[in-house]
Amino acid sequence: MKKVGTLRIEQEKAAQVMRLLADTELIRPAVPGTVGLRGDTVTIMFRRLFIRFQDNYRLEVSTSQSGNEITIVFRGERSRITISYRVSGDAMEVYTDYEGPRRLIVRGQVKTIAMSILRHALTELSRRREEPEQVPGGRGADYSTLLKDPPRLMKMLMKSMLVYSREIRAVNGIHDVIEHLRSQGIFNKYDHVYVTGSTSDGRVSFRLLFINGSLAGVYANVNGEEKHGDPWIISEAPGIYNVKVYSVMPQGLEVLKE
């Protein structure tokens, strides 16, 4: 791959930008040369003077285990574009690669696509910082009622990314699960975190929502009894939990509240 750009950026800001770059719904509108959008397929036209090349691409996004690299692959019917964003110290480096016909007219425009996506993510981040989420008060009680609604949760999960999954032994109930995740740095890495877990026998299940590291929503089902809103309920029910953790995009919180 060829390095096409470097951007000086704070590590905290870089982490937020990387999460935005993983959102295909944010990527698609930022691609210059787009002449068609159909489902999860984007049609891009490349042109130079009288020479043209067009292909239909499906987007594939992958994140490195360290979280310091996002790779976006535009997999076309006749070509493939690969864009990689890597965080290195206080800089973000941009790399691109192209495989397919009309290389002379396409390769230069691939750099334009890569930088346009990055600028769009930076603009979106600035917009969200200027218009921060209004977090409900009352230690998360307002979000807790929303965590009871499976259709809302499904919509939220469509705008979320699974970042952690494992079995956790919790002697002191769900409280131990939270402390384990905190020790893994989960709440430092992601602004909006949704945690779901259950015992293997299904006796206990829970859903938790964290915003900026603070508990913003609690729901649990303990022996068939539904409980929500009170953070103390998570101190009950010791056991071994199958836990999944999701990083929720800001759009995910919006659909949860709709």
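Rules used in this analysis
Residues numbered from 1 in each chain as written. Predicted model: local features only at pLDDT ≥ 70, side-chain atom pairs only at ≥ 80, totals over all residues. Heavy atoms only, no water. Helix = DSSP H or I, 4+ residues; strand = E, 2+ residues; numbered from the N terminus. Contact = heavy atoms within 4.5 Å. Areas by Shrake-Rupley, 256 points an atom, 1.4 Å probe, with all protein chains shown as cover. Lys, Arg positive; Asp, Glu negative; His and termini not counted. Charge placed at Lys NZ, Arg CZ, Asp CG, Glu CD. Axes fitted to C-alpha atoms, helices over the stretch in contact; angles between N-to-C directions. Parallel < 35°, antiparallel > 145°, perpendicular 65-115°, else oblique. Left-handed = near helix turned anticlockwise from the far one by under 90°. Nonpolar A, V, L, I, M, F, W, Y, C, P; charged D, E, K, R; others polar. Core = buried A, V, L, I, M, F, W, Y, C linked by side-chain atoms within 4.5 Å. Buried < 20%, exposed > 50% of the residue type's maximum accessible area, 1.4 Å probe, protein only. Pairing = 2+ DSSP bridges. Salt bridge = Lys/Arg side-chain N within 4 Å of Asp/Glu carboxyl O.

**Details of the overall build of the chain**
- Assigned secondary structure in the chain consists of eight helices and 13 strands.
- With the principal axes as the frame, the chain shows a C-alpha extent of 70 × 35 × 35 Å.
- Considering only contacts within the chain whose residues lie at least 6 apart along the sequence, 59% involve residues at least 24 apart.
- Taken as a whole, the chain presents about 13500 Å² of accessible surface, with 47% of it coming from carbon and sulfur.
- The chain carries 37 positive and 30 negative side-chain charges, and their two centres are separated by 9 Å.

**Here's the deal with the packing of helix H5 (residues 150-157) against helix H8 (residues 250-257)**
- Remark: H5 packs on H8, axes separated minimally by 8 Å, with the N-to-C direction vectors making an angle of 165°. One finds that H5 runs roughly antiparallel with respect to H8. Like other packed secondary-structure pairs, H5 and H8 cross with a definite hand, here right-handed. Residues Arg152, Leu153, Lys155 and Met156 of H5 lie in contact with H8, whose contacting residues are Gly252, Val255, Leu256 and Lys257.
- Residues belonging to the contact of H5 with H8 are distributed by class as follows: four nonpolar, one polar and three charged.

**So, the nonpolar core**
- Residues Val17, Leu21, Phe46, Phe74, Tyr85, Met92 and Ile117 are the most contacted members of the largest nonpolar core, which totals 39 residues.
- For this core, the elements supplying multiple residues, two or more each, are helix H1 (11-21), helix H2 (24-27), strand S3 (41-48), strand S4 (51-63), strand S5 (69-76), strand S6 (80-88), strand S7 (91-99) and helix H3 (103-130).
- Residue contacts for Tyr85: discarding those within four places in its chain leaves Met18, Leu21, Asn68, Glu69, Ile70, Ile72, Met92, Glu93, Val94, Ala114, Ile117 and Leu118.
- Core analysis: the second largest hydrophobic core is formed by 23 residues, Tyr190, Val195, Phe206 and Ala220 among them.

**Digging into the sheet that holds strand S9 (residues 192-199)**
- Pairing within the open sheet is antiparallel, and its six strands lie in the order S8-S13-S9-S10-S11-S12. Two strands lie at the open edges of the sheet, namely strand S8 (160-170) and strand S12 (225-228), each paired on one side alone. Strand-to-strand twist of the sheet, defined as the mean angle between neighbouring strand axes without regard to direction, takes the value 15°.
- When strand S10 (residues 204-211) meets strand S11 (residues 214-222), the two strands line up antiparallel, connected through eight bridges. From the neighbouring strand, Leu208 faces S11, where its bridge partner is Val218.

**Comments concerning the environment of His175**
- If you trace the backbone, His175 turns up in helix H6 (residues 174-183).
- With relative accessibility at 38%, the residue His175 sits in the partly exposed group.
- Here the alpha-carbon distance between His175 and Pro238, two residues 63 residues apart in the chain, equals 9.2 Å.

**Points about the pattern of salt bridges**
- For the structure on display, the rule yields nine salt bridges.
- In this structure, Asp90 engages Arg8 in a salt bridge whose closest nitrogen and oxygen atoms are separated by 3.0 Å. One end of the pair, Asp90, is in the loop between S6 and S7; the other, Arg8, is in strand S1 (residues 2-8), with 82 residues separating them in the sequence.
- According to the relative accessible area criterion, Asp90 is partly exposed, its value standing at 45%.
- Between Glu99 and Arg80 there is a salt bridge; the shortest N-O distance is 2.8 Å.

**A closer look at the sheet that holds strand S2 (residues 34-38)**
- With antiparallel pairing, the seven strands of this open sheet are ordered in space as S1-S7-S6-S5-S4-S3-S2. Here the strands that pair on one side only, and so sit at the sheet edges, are S1 and S2. Sheet twist, expressed as the mean angle between neighbouring strand axes with direction ignored, is 25°.
- Pairing of S6 with S7, which is carried by nine bridges, proceeds in the antiparallel orientation. Across the sheet, Ser84 pairs through a bridge with Tyr95, a residue of S7.

**Focus on the side chain of Thr96**
- Looking at where Thr96 falls in the secondary structure, it is placed in strand S7.
- Judged by its relative accessible area of 8%, Thr96 falls in the buried class.
- Excluding residues within four positions of it along the chain, Thr96 makes contact with Met1, Lys2, Val4, Thr82, Ile83, Val110 and Ala114.

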